[in-house]
Amino acid sequence: DAKTTQPTSMDCAEGRAANLPCNHSTISGNEYVYWYRQIHSQGPQYIIHGLKNNETNEMASLIITEDRKSSTLILPHATLRDTAVYYCIVTNSGGSNYKLTFGKGTLLTVNP
Amino acid sequence: ETGVTQTPRHLVMGMTNKKSLKCEQHLGHNAMYWYKQSAKKPLELMFVYNFKEQTENNSVPSRFSPECPNSSHLFLHLHTLQPEDSALYLCASSQDGFGNQPQHFGDGTRLSIL
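Residues numbered from 1 in each chain as written. Chains lettered and ligands numbered in written order. Predicted model: local features only at pLDDT ≥ 70, side-chain atom pairs only at ≥ 80, totals over all residues. Heavy atoms only, no water.

Notes on the interface of chain A and chain B
Inference 1: Contacts between the two partners involve 22 residues from chain A and, on the opposite side, 22 residues from chain B.
Inference 2: Buried surface at the junction of chain A and chain B, both sides included, amounts to about 1800 Å², of which 52% is carbon and sulfur.
Inference 3: Inspection of the chain A/chain B interface yields 0 salt bridges.
Inference 4: Our count for the contact surface shared by chain A and chain B stands at 4 residue pairs in polar contact (both at pLDDT 80 or more).
Inference 5: Mapped by element, the contributors of at least two residues to the side of chain A that touches chain B are β3 (33–38) and β4 (45–50) of chain A.
Inference 6: Top contributing element to the side of chain A that touches chain B by residue count: β3(A), with 3 residues.
Inference 7: Class assignment of the residues belonging to the side of chain A that touches chain B gives a composition of 9 nonpolar, 11 polar and 2 charged. (Contact = heavy atoms within 4.5 Å. Buried area = accessible area lost by both parts, 1.4 Å probe. Salt bridge = Lys/Arg side-chain N within 4 Å of Asp/Glu carboxyl O. Polar contact = N/O pair within 3.5 Å; in protein donor to acceptor, adjacent residues only side chain to side chain. Helix = DSSP H or I, 4+ residues; strand = E, 2+ residues; numbered from the N terminus. Nonpolar A, V, L, I, M, F, W, Y, C, P; charged D, E, K, R; others polar.)

Details of the pairing of strand β2 (residues 10–13) of chain B
All names here are of chain B.
Inference 1: Only one face of β2 is covered, namely the face carrying L11 and M13; the face carrying H10 and V12 is uncovered.
Inference 2: Alignment of β2 against strand β11 (residues 109–113), held across 4 bridges, turns out to be parallel. Counterpart to V12 in the pairing with β11 is S112. (Buried < 20%, exposed > 50% of the residue type's maximum accessible area, 1.4 Å probe, protein only. Pairing = 2+ DSSP bridges.)

So, the pattern of salt bridges
Inference 1: Within the structure shown, the criterion is met by 3 salt bridges over all chains.
Inference 2: One salt bridge connects D82(A) with R37(A), and the closest N-O pair in it is separated by 2.7 Å. Residue D82(A) is found in the loop between β7 (70–75) and β8 (84–90), and its partner R37(A) is found in strand β3; the two are separated by 45 residues along the sequence.
Inference 3: Taking relative accessible area as the criterion, D82(A) reaches 12% and is therefore assigned buried.
Inference 4: Overall, the relative accessible area of 10% leaves R37(A) in the buried class.
Inference 5: D85(B) serves as the salt-bridge partner of R63(B), at 2.7 Å between the closest nitrogen and oxygen. With a gap of 22 residues between them, R63(B) in the loop between β6 (53–57) and β7 (64–70) and D85(B) in the loop between β8 (73–79) and β9 (87–94) connect regions that are remote in the sequence.
Inference 6: By relative accessible area, which is 23% here, R63(B) ends up partly exposed.

Some thoughts on the state of the cysteines
Inference 1: The final tally for this structure, using the stated rule, is 2 disulfides over all chains.
Inference 2: Counting only cysteine sulfurs, C22(A) is the nearest neighbor of C12(A), a cysteine outside any disulfide, at a range of 18 Å.
Inference 3: A relative accessible area of 8% places C12(A) in the buried class.
Inference 4: With no disulfide of its own, C68(B) has C91(B) as its nearest cysteine by sulfur position, at a separation of 9.0 Å. (Disulfide = S-S within 2.5 Å.)

Considering the sheet that holds strand β1 (residues 9–13) of chain A
The strands making up a sheet associate through hydrogen bonds between their backbones, and the pairing can be parallel or antiparallel.
All names here are of chain A.
Inference 1: As summarised here, the arrangement of the 5 strands in space is β1-β9-β8-β3-β4, forming an open sheet in which the pairing is mixed. Each having just a single partner strand, β1 and β4 make up the two edges of the open sheet. With strand direction ignored, the average angle separating the axes of adjacent strands in the sheet is 25°.
Inference 2: Two strands pair when backbone bridges link them, and β3 and β8 are joined in this way by 6 bridges, in the antiparallel orientation. Bridging across to β8, V33 finds its partner in V90. (Axes fitted to C-alpha atoms, helices over the stretch in contact; angles between N-to-C directions.)

Notes on unusual backbone geometry
Inference 1: For the bond running from T7(B) to P8(B), omega is -10°, close enough to zero to count as cis.
Inference 2: In this structure, R68(A) takes a positive phi of about 65° despite not being glycine.
Inference 3: Relative to the helices and strands, R68(A) is located in the loop between β6 (61–64) and β7.
Inference 4: Residue classification places R68(A) among the buried positions, given a relative accessible area of 8%.

Below you can see the structure in the form of structure tokens.
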């Protein structure tokens, strides 16, 4: 399984962009990068995913380096409600099951 | 509203009790999952069901018994649990269990074993 490395915690000022890094140096060619977040007392929430190209949706942007060994999740205008643990996950596409293996993630704290 | 509803949200039970956790998804998905999240530990996958068939049992003790009567409903039957089983139990669903599609999670059942 490809593993990911994320900082334990980060801080961001409200209204500024939050850039969350993730290293996945052993990622395989057919494995996707997924981002989820978990706000306290809730279940994880899907944010975005990508394979090679940069992706953008209404929540965030995902920038994947050309060698695919790292990626950055960008929340363009962070709000207090974006305070959460953010998980970067490389999917296990082997076999017949699509599985998510969660690590410890990054605790993003958005400050007023 | 996540599209995945779990009941009850909180459950306290003794070690000899039998209880069940329920999960229902309204997303038209065909794969459903149970995860366990213990304090200060990452989420752990427990079971996977794909088109009502169990396709993954991640070495879960037999005191946890899953049931998937149809693609919209998933149960976790609990019997003779141990204190270390106290955790947040999360249900998720995805379009199917084969490809790369996002999983959608419920808000979990907080289980406390006395």
